[in-house]
Amino acid sequence: MMGRIFTSADYAALKNAVRRACQQAGGGLRELSGMTRLSAAQLSRFGDLTSEQSAPLDVALDLDSLAGEPVITRALAQRLGYDLVPTGTIVVTDSMAQHMAGLARECGDVMSRLAAALADGKLTRREIQEIECDLADLDAQVQSARATCRALLMQTSGEA
């Protein structure tokens, strides 16, 4: 029997995206559960790296919509080697200052995780997976900032 196609880091990045979408959606898991078909406990497991459960597609769609951007869908596309390109009119909802704050926070998370992991002079498999997840968060922030820049460019050129 063949193993899974993607690495555990790939699946961890998807769980990380679910967690990030829940955070971006605002409110708590209890509130989000009222807007999806699942309980708060189930939503929590979908973002938990130690859980084997993954978010169903319809719940990922709900969470992406509530987050205001395709956080989970983007992570899926990236695992497959694709970038998402928005269609139609792009509505800019976040300021560049918010994007820069998010980038700074995610950069800090990567550096902090790396420093903690290297403190003993070696990297474990788990530490590497956690660093990769933090890098996925950083990449998502970069993609979001880039989408906002593209939207602003389209608006200033009269295309939007």
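One structure accompanies this document, and this report is about it. (Residues numbered from 1 in each chain as written. Predicted model: local features only at pLDDT ≥ 70, side-chain atom pairs only at ≥ 80, totals over all residues. Heavy atoms only, no water.)

**Thoughts on the packing of aromatic side chains**
How two aromatic rings sit relative to each other is given by the distance of their centres and the angle of their planes.
And step 1. If you walk through the whole model with that rule in mind, you get one aromatic pair.
And step 2. Considering the side-chain rings of F6 and Y11, the 6.2 Å spacing of their centres and the 90° angle between planes classify their relative orientation as edge-to-face.
And step 3. Of the residues examined, F6 reaches a relative accessible area of 28% and is grouped as partly exposed.
And step 4. Across the ring face of Y11, the terminal group of R4 is positioned such that the distance to the ring centre comes to 3.8 Å. (Phe/Tyr/Trp six-rings, centres within 6.5 Å; stacked < 30°, edge-to-face > 60°. Buried < 20%, exposed > 50% of the residue type's maximum accessible area, 1.4 Å probe, protein only. Lys NZ or Arg CZ within 6 Å of the ring centre and 35° of its normal.)

**Observations regarding a nonpolar patch on the surface**
And step 1. A contiguous nonpolar surface patch, about 250 Å² in accessible area, is contributed by L118, L123 and I128.
And step 2. Residue position: I128 is located in helix α7 (residues 125–156). (Patch = residues over 30% accessible without salt bridge, like charges linked within 9 Å, V, L, I, M, F, W, Y side chains within 5 Å. Areas by Shrake-Rupley, 256 points an atom, 1.4 Å probe, with all protein chains shown as cover. Salt bridge = Lys/Arg side-chain N within 4 Å of Asp/Glu carboxyl O. Helix = DSSP H or I, 4+ residues; strand = E, 2+ residues; numbered from the N terminus.)

**A few points about the environment of F46**
And step 1. Along the chain, F46 falls in helix α3 (residues 40–46).
And step 2. Filtering out sequence-adjacent residues up to four positions away, F46 remains in contact with K15, V18, L38, Q53, S54, A55 and P56. (Contact = heavy atoms within 4.5 Å.)

**Notes on the nonpolar core**
And step 1. Counting residues in hydrophobic clusters, the biggest one holds 16 residues, and the most contacted among them are V18, A21, L43, L63 and I72.
And step 2. When residues of this core are traced back to their parent elements, those giving at least two are α1 (8–25), α3, α4 (57–67) and α5 (71–79).
And step 3. Here the element with the most residues in this core is α1; it accounts for five residues.
And step 4. Dropping the residues within four chain positions of it, V18 is found in contact with F46, G47, A55, L63 and I72. (Core = buried A, V, L, I, M, F, W, Y, C linked by side-chain atoms within 4.5 Å.)

**Examining the packing of α1 against α5**
And step 1. Running from N to C, α1 and α5 cross one another at 160°; their axes reach a closest spacing of 8 Å. It follows from the interaxial angle that α1 and α5 lie roughly antiparallel. The hand of the α1/α5 crossing is right-handed. Residues D10, A13, L14, A17, V18, R20, A21 and Q24 of α1 lie in contact with α5, whose contacting residues are V71, I72, A75, L76 and R79.
And step 2. Of the residues belonging to the contact of α1 with α5, the class tally is nine nonpolar, one polar and three charged. (Axes fitted to C-alpha atoms, helices over the stretch in contact; angles between N-to-C directions. Parallel < 35°, antiparallel > 145°, perpendicular 65-115°, else oblique. Left-handed = near helix turned anticlockwise from the far one by under 90°. Nonpolar A, V, L, I, M, F, W, Y, C, P; charged D, E, K, R; others polar.)

Distances and angles like these do not, on their own, reveal function.
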